[in-house]
Amino acid sequence: MTMSDTDRITTMQPAAEMEGRWKRLSPMETGPFGRCPRCGEGHIFRGFLTVRDHCEICGLNYDFADPADGPAVFVQLFACVPGVVFIIMLEILARPGLWVHLAVGVPVLILTTVLPLRPIKGWLIAAQYVNKAQEAGTAQLWAKLHGDGAGD
């Protein structure tokens, strides 16, 4: 079953218009579990990391969602470090052969880099919604936010 364009437009109202209908949810309650930041029931993702067009329950349009490289940065800075430290400590303490590093190190690095991506991306999308984050730096946006005609 698909929505017509008019149904889609009417169901995807901004959060400000429907604020009274939806309870405010924490990004930590919804994002890491891939749940819609507005209703907490729908899904954010279509696949492993592909963001849906809208929530199938409340109709929230996910066009605002742009975590960019945020999930990868968090994974590199925080999740990957224990994996690399583990591999280095394995070499220092046990001096195993190359095959042990390949058999142990590669799976550890894959687990510490791939598994956290989805929860972190979900959390960043939910945080963008809750905090009403938007792109900055353009002249048009600056004029809109500050109510002046000059974009300088």
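Look above for the structure.
Novice: Outline the packing of helix α3 (residues 70-94) against helix α4 (residues 98-114), listing residues and values.
Specialist: For any two helices packed against each other, one specifies the inter-axial angle together with the distance between the axes. Between α3 and α4, the shortest axis-to-axis distance is 9 Å and the interhelical angle comes to 165°. One element, α3, and the other, α4, form an angle in the roughly antiparallel class. Judged by the twist between their axes, the crossing of α3 over α4 is right-handed. Where α3 approaches α4, its residues V75, A79, C80, G83, V84, F86, I87, L90 and E91 are matched on the opposing element by V100, H101, V104, G105, V108, L109, T112 and T113. Residue composition of the contact of α3 with α4, grouped by class: 11 nonpolar, 5 polar and 1 charged.

Novice: Describe a nonpolar patch on the surface, and please don't skip the residues or the numbers.
Specialist: A surface patch of nonpolar side chains, amounting to about 680 Å² of accessible area, comprises V81, V84, V85, I88, M89, I92, L93 and L109. By residue number, the principal contributor to the nonpolar patch is α3, which donates 7 residues. Examined against the element boundaries, L109 turns out to sit in helix α4.

Novice: So, the nonpolar core: which residues are in play, and what are the values?
Specialist: C36, C39, I44, C55, C58, L60 and Y62 are the most contacted members of the largest nonpolar core, which totals 13 residues. Excluding residues that lie within four positions of it along the chain, Y62 makes contacts with C36, P37, H43, I44, V51, R52, D53, H54 and C55. V75, L117, I120 and L124 belong to the second largest nonpolar core, which has 5 residues in total.

Novice: Could you give me a rundown of the side chain of T112, with the residues and numbers involved?
Specialist: Considering the arrangement of structural elements, one finds T112 in helix α4. Under the relative-accessibility criterion, T112 is labelled buried at 18%. Among the polar contacts made by the side chain of T112, one reaches the main-chain carbonyl oxygen of L109 at a distance of 3.3 Å. Not counting chain neighbours up to four residues away, the residues in contact with T112 comprise V75, A79, C80 and G83.

Novice: Break down the packing of aromatic side chains for me, citing the residues and quoting the values.
Specialist: In the structure shown here, the tally under the stated rule is 4 aromatic pairs. Between Y62 and F64, the ring centres sit 6.3 Å apart and the planes meet at 65°, which makes this aromatic pair edge-to-face. Seen from their ring centres, F74 and W123 are 5.7 Å apart, and the 70° between their planes marks the pair as edge-to-face. Separated by 49 residues along the polypeptide, F74 in helix α3 and W123 in helix α5 (residues 117-130) bring together distant segments of the chain. Given the relative accessible area of 29%, F74 is considered partly exposed. Feature note: the residues Y62, F64 and Y129 constitute an aromatic cluster, connected by ring pairs.

Novice: How would you summarise the pattern of salt bridges if you had to cite specific residues and measurements?
Specialist: Pairs can form between side chains of opposite charge whenever their charged atoms are close. As enumerated under the stated definition, the model contains 2 salt bridges in all. Here R95 and E91 are joined by a salt bridge, their closest N and O atoms 3.5 Å apart.

Novice: An account of unusual backbone geometry is needed here, citing residue identities and associated values.
Specialist: Positioned with a positive phi, R95 is a non-glycine residue whose angle comes to about 45°. With respect to the element layout, R95 can be found in the loop between α3 and α4. We note that K132 has phi near 55°; this positive angle belongs to a residue other than glycine.

Here is what the cut-offs are and how they apply
- Residues numbered from 1 in each chain as written.
- Predicted model: local features only at pLDDT ≥ 70, side-chain atom pairs only at ≥ 80, totals over all residues.
- Heavy atoms only, no water.
- Axes fitted to C-alpha atoms, helices over the stretch in contact; angles between N-to-C directions.
- Helix = DSSP H or I, 4+ residues; strand = E, 2+ residues; numbered from the N terminus.
- Parallel < 35°, antiparallel > 145°, perpendicular 65-115°, else oblique.
- Left-handed = near helix turned anticlockwise from the far one by under 90°.
- Contact = heavy atoms within 4.5 Å.
- Nonpolar A, V, L, I, M, F, W, Y, C, P; charged D, E, K, R; others polar.
- Patch = residues over 30% accessible without salt bridge, like charges linked within 9 Å, V, L, I, M, F, W, Y side chains within 5 Å.
- Areas by Shrake-Rupley, 256 points an atom, 1.4 Å probe, with all protein chains shown as cover.
- Salt bridge = Lys/Arg side-chain N within 4 Å of Asp/Glu carboxyl O.
- Core = buried A, V, L, I, M, F, W, Y, C linked by side-chain atoms within 4.5 Å.
- Buried < 20%, exposed > 50% of the residue type's maximum accessible area, 1.4 Å probe, protein only.
- Polar contact = N/O pair within 3.5 Å; in protein donor to acceptor, adjacent residues only side chain to side chain.
- Phe/Tyr/Trp six-rings, centres within 6.5 Å; stacked < 30°, edge-to-face > 60°.

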